[in-house]
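# Tertiary structure, described
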Amino acid sequence: MASVVLKNVFKKYDGGVIAVSDFSLDIEDKEFIILVGPSGCGKSTTLRMIAGLEEITEGQVFIGDRLVNDVQPKDRDIAMVFQNYALYPHMTVFDNMAFGLKLRKVPKDEIKRRVHEAARVLEIEHLLDRKPKALSGGQRQRVALGRAIVREPKVFLLDEPLSNLDAKLRVQMRIEITKLHQRLATTFIYVTHDQTEALTMGTRIVVMKDGFIQQVDSPLALYEKPVNMFVAGFLGTPQINFFNTVLSEKDGGIWATFNNTSVRLPDDKAKRPEVREYVGKEVVMAIRPEAIRDDEAHLVQYKDCKVTANVEVVEMLGSETLLYLTIDGVSAIARVSPRNTAAVGDVVPMAFEAPHIQLFDKDTEKVIAN
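Residues numbered from 1 in each chain as written. Predicted model: local features only at pLDDT ≥ 70, side-chain atom pairs only at ≥ 80, totals over all residues. Heavy atoms only, no water.

### A closer look at the overall build of the protein chain
Applicable threshold: Helix and strand labels come from DSSP, where a helix needs a run of H or I of at least four residues and a strand needs a run of E of at least two; each type is numbered from the N terminus. Residue contacts are defined here by distance: any two heavy atoms, one from each residue, within 4.5 Å place the two residues in contact. Residue burial considers only the protein chains on display, and all accessible areas are found by Shrake-Rupley using a 1.4 Å probe. Charge counting treats Lys and Arg as positive and Asp and Glu as negative, with His and both chain ends excluded. Charge positions come from single atoms, namely NZ of Lys, CZ of Arg, CG of Asp or CD of Glu.
Scanning the protein chain from N- to C-terminus turns up 11 helices and 21 strands. Here the contacts in the protein chain between residues at least 6 apart in sequence split such that 67% fall between residues at least 24 apart. For the protein chain, the exposed area adds up to about 17500 Å²; of that, 49% sits on carbon and sulfur atoms. Of the side-chain charges in the protein chain, 48 are positive and 51 negative, and the distance between the mean point of each set is 7 Å.

Have a look at this one:
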């Protein structure tokens, strides 16, 4: 097993294109770390530099205590699982899984033991004699995982391994990969653009944008305490609601006003010096869909955060209902009870849960308070 450390890593291409900028990260032994961000943010390039498939322009990469900048991929003691599975179509599942071990001159008995053990763990023992064309997408992905497992590497690198699967199978494979990490107790570095995968699988998440790390933290900390508007908006489904507001002081409190609607900040937030600095200025107020409530208890509890909403669209999802609203001319989404009876065209009272209001600087987009 091994830790992975990246120190001030850059990747620059010809023509001055910088794909990764000053990337520094300490990944602990046995950690499940997720690199997440939109397409082109540098996450896959970072993974490929760890693997040795991309040359590092500047900086250092360590696997364990070993500097691997100039070490060939085959000698880094890593295994990589790709988005497109990369299976040999003319080989059986057994031979696909065994191929890397045969190249390393591992004894036949040991190859057989490792392949059957990995197949048992992944529940694909009955597929060992089949060829990839006879497998479903999910089965091919398990074979690709199996090929990585048999190598018994120090570090697993997974590059968007579920993106080719349908939605139901992605959920199932998310659970399987999480179980696999727990069973193998090995370092996993996982790249995805899917923030649901990131939030449900990782022990820590690295959020990237334009080659830079935006924030590194646990899933819950990223969700509840984002450092900027990009992180707040990228994580969470449906996306967080943003309102351009002006802060003002009245009735012994601080209020955020957009158009003709005002909501009162909770006192503990209003008393912070970093919030008071923005009184009289424009800020961006943000609130998650689940913190916009329509039940009577919340309407009473947060009477100073009550708003009037026009219902534009209703999405009934079984376990919950999403209301697409217009609040004083601003679009918003609320996640409410599946027993909610609101219909398109209704005008309904809603309440913002004051403790969950977040504030961001309008120009820098950095967090003021959350």
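From this point, things continue past the structure.
### A few points about the nonpolar core
Our working definition: Among the buried residues, those of types Ala, Val, Leu, Ile, Met, Phe, Trp, Tyr and Cys that are joined through side-chain atoms within 4.5 Å form a nonpolar core. Three labels apply to residues, based on accessible area from a 1.4 Å probe with only protein chains included: buried if under 20% of the type maximum, exposed if over 50%, partly exposed otherwise in between.
In terms of nonpolar packing, the biggest core is built from 47 residues, with I34, M97, L145, L158, I177, Y190 and V207 touching the most fellow members. The leading source of residues in this core is helix α3 (residues 108-122), at six residues. Of all hydrophobic cores here, the second largest spans 38 residues; its members include A309, L323, A332 and V348.

### A word on the pairing of strand β1 (residues 4-12)
Operational definition: Paired strands are those between which DSSP finds at least two bridges.
Pairing between β1 and strand β4 (residues 58-63): five bridges, direction antiparallel. Note on β4: the bridge partner recorded for V4 is I63. Across six bridges, the pairing between β1 and strand β2 (residues 18-27) is antiparallel. Within β2, the position partnered with K12 by the bridge is I18. Joining the antiparallel neighbours β1 and β2 is a turn of five residues, in which G15 adopts a positive phi near 95°.

### Considerations on the packing of helix α4 (residues 137-149) against helix α5 (residues 167-184)
Just so we agree on the cut-off: Angles shown run from 0 to 180 degrees and are taken between the N-to-C directions of axes, each axis being a line fitted to C-alpha atoms and, for helices, limited to the stretch in contact. With respect to orientation, any angle under 35 degrees is reported as roughly parallel, any angle over 145 as roughly antiparallel, any angle of 65 to 115 as roughly perpendicular, and every other angle as oblique. Note on convention: near helix rotated counterclockwise from far helix by under a right angle means a left-handed crossing. Clockwise means right-handed.
Axis separation between α4 and α5 bottoms out at 11 Å; the angle between their running directions is 15°. Here α5 runs roughly parallel to α4, going by the angle between their axes. Relative to α5, α4 is oriented so that their crossing is right-handed. Here G137, G138, Q141, R142, L145 and I149 of α4 lie close against α5, whose contacting residues are L169, Q172, M173, E176, I177, L180 and L184.

### Looking at the sheet that holds strand β10 (residues 212-217)
Strand order across the open sheet formed by six strands is β6-β7-β8-β3-β9-β10, with mixed pairing between neighbours. Edge positions in the open sheet fall to β6 (78-81) and β10, since each of these has one partner strand only. Between one strand and the next, the sheet's axes are offset by a mean angle of 15°, whatever the strand orientation. The sheet strands contacting α5 are β3 (32-36), β7 (155-159) and β8 (187-192), and the helix crosses β8 at an angle near 160°.

### Concerning the sheet that holds strand β21 (residues 367-369)
Strand order in the open sheet made by the six strands is β13-β12-β11-β14-β20-β21, with antiparallel pairing throughout. Of all strands in the sheet, those with a lone pairing partner are β13 (261-264) and β21, marking the two edges. Across the sheet, the mean angle from the axis of one strand to that of its neighbour is 40°, orientation sign disregarded. Where strand β12 (residues 253-258) meets β13, four bridges bridge the pair, whose relative direction is antiparallel. Counterpart to W255 in the pairing with β13 is R264.

### A short note on the environment of R339
Summarising the element assignment, R339 is placed in the loop between β18 (330-336) and β19 (347-352). On the basis of relative accessibility, which here comes to 70%, the residue R339 falls in the exposed class.

### A look at the pattern of salt bridges
Put simply, the test is: Take a side-chain nitrogen of Lys or Arg and a carboxyl oxygen of Asp or Glu: if they are within 4 Å of each other, that pair is a salt bridge.
In this structure the tally under the stated criterion is 18 salt bridges. Across the pair E290 and R335 runs a salt bridge, and its minimum N-O distance is 3.0 Å. Of this pair, E290 sits in the loop between β14 (282-287) and β15 (292-293) while R335 sits in strand β18, and the two are 45 residues apart along the sequence. The salt bridge involving E320 is made with R335; its shortest N-O contact spans 2.9 Å. In this pair, E320 sits in the loop between β16 (306-316) and β17 (321-327) while R335 sits in strand β18, placing the two residues 15 residues apart along the sequence. Taken together, the shared-partner salt bridges in this structure form one network comprising E110, R113, R114 and E152.

### With respect to the environment of V307
By secondary structure assignment, the location of V307 is in strand β16. Classification of V307 by relative accessible area gives buried; the value is 4%. Sequence-wise, V307 and I327 are 20 residues apart; in three dimensions their C-alpha atoms are separated by 7.1 Å. Sequence-distant contacts of V307, defined by excluding residues within four places in its chain, comprise T261, V263, I327, V348, P349, M350 and F352.

### As for the packing of aromatic side chains
A ring pair, where both rings are aromatic, is described by two values, the distance of the centres and the angle of the planes. Threshold: The aromatic pairing rule takes the rings of Phe, Tyr and Trp, using the six-membered ring of Trp, and pairs them if the centres are within 6.5 Å, calling planes under 30 degrees apart stacked, those over 60 edge-to-face and the rest tilted.
Inspection of every chain in the model, using the stated rule, returns eight aromatic pairs. Ring geometry for F156 against F188: centres 4.8 Å apart, planes inclined by 35°, an arrangement best described as tilted. Taken together, the residues span a long stretch of sequence, with F156 in strand β7 and F188 in strand β8 at a distance of 32 residues. Given a relative accessible area of 0%, F188 falls into the buried group. Both rings, one in F243 and one in F258, keep their centres 4.9 Å apart while their planes meet at 40°; by these two values the pair is tilted.

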